[in-house]
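One-letter residues, chain by chain:
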Amino acid sequence: MIRRLPSAAALSFLLLAPPACRPPPPAPAAVAPLAVLAPIPADLAAALDAFRAEGPKGWAFTQATTGGGKDRVERYDPSRRGPARWTLLSEKGRTPTEAEQQRYRDTRPPFDAAANLAAQVDRASAAVVARDERSATYEFALRPAGEHDTAAAHMRVRFTRDAASGAFTRVELFNFEPFKAAPSLTIHEARTTLVYVPTTDGRPALPIETSLRVRGTRFWVSDFSQDIVSKSSDHADMNADPAAAAHSPSP
């Protein structure tokens, strides 16, 4: 998947997470805002309108994912069609067979699914929680992604914006208090962090790392934890030069 950022409600897969013998960590401490923004500045609103968690359209990249039982390297090429945009380069350090490659592509969606986090942002709740000469970090409450999203009320999202380029360089989605994701599942910590390389030489801000950390208690007695990290590299702009695919890492 393209660095898909989980919505606040997308926690049901954690029921299958392996248990870990450790106490649940405390919820992240609240940070007193430096300023409350009402309304938010027009340039910040425009940046949120344009934000795509998975990165700009038309860029190829290689993605390496570890943790949660995964050890996978994939290549995404938007100049191709459908599931062929994805190529499995290795699985647990081994090059896949043709049959394994086909099975892998059969699991790929026919179209890109953008993670529309910005649509969940409650802009009326905007606050500045950190600022220096290089960047500012804005915190927002979240609106529910749907009628069954009970997690959003316990979550916050922070966008760190580069002062020079106006691009977001870090996005963090996290809970500020424990919550029930299901009757038998309590989430103590849920944090998704996206890191972007700042805009340089006309290139847009490109995602380089997505990490997911979850800690919780299942059935009131069993602690579990899960950490997954995806790192992206070898970006190539297929919008400007489709021939760049020939110079990107070979599938």
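Residues numbered from 1 in each chain as written. Predicted model: local features only at pLDDT ≥ 70, side-chain atom pairs only at ≥ 80, totals over all residues. Heavy atoms only, no water.

With respect to the nonpolar core
Phase 1 of the analysis: If you look at the biggest cluster of nonpolar residues, it comprises 37 residues, and the most contacted ones within it are L44, F51, F140, V157, F159 and V171.
Phase 2 of the analysis: Only α1 (42-50), β5 (121-131), β6 (135-142), β7 (155-162), β8 (168-175), β10 (185-197), β11 (206-218) and β12 (222-237) provide two or more residues apiece to this core.
Phase 3 of the analysis: The biggest single contributor to this core is β10, with five residues.
Phase 4 of the analysis: Every residue in contact with V157, bar those within four places of it in the chain, is listed here: L117, V121, Y138, E139, F140, L142, V171, E172 and L173.
Phase 5 of the analysis: In this structure, F61, W86, L88 and Y104 belong to the second largest nonpolar core, which totals five residues. (Core = buried A, V, L, I, M, F, W, Y, C linked by side-chain atoms within 4.5 Å. Buried < 20%, exposed > 50% of the residue type's maximum accessible area, 1.4 Å probe, protein only. Helix = DSSP H or I, 4+ residues; strand = E, 2+ residues; numbered from the N terminus. Contact = heavy atoms within 4.5 Å.)

Observations concerning the pattern of salt bridges
Pairing between side chains of opposite charge can happen when the charged atoms of each approach one another.
Phase 1 of the analysis: Under the defined criterion, the tally for this structure stands at 13 salt bridges.
Phase 2 of the analysis: Linking R161 and D43 is a salt bridge whose minimum nitrogen-to-oxygen distance equals 3.3 Å. Highlighted residues: R161 in strand β7 and D43 in helix α1, separated in sequence by 118 residues.
Phase 3 of the analysis: The exposure class assigned to D43 is partly exposed, which follows from its relative accessible area of 43%.
Phase 4 of the analysis: Among the ionic pairs, R52 bridges to E54, the shortest N-O distance being 3.2 Å.
Phase 5 of the analysis: On the accessibility criterion, R52 (26% relative accessible area) is partly exposed. (Salt bridge = Lys/Arg side-chain N within 4 Å of Asp/Glu carboxyl O.)

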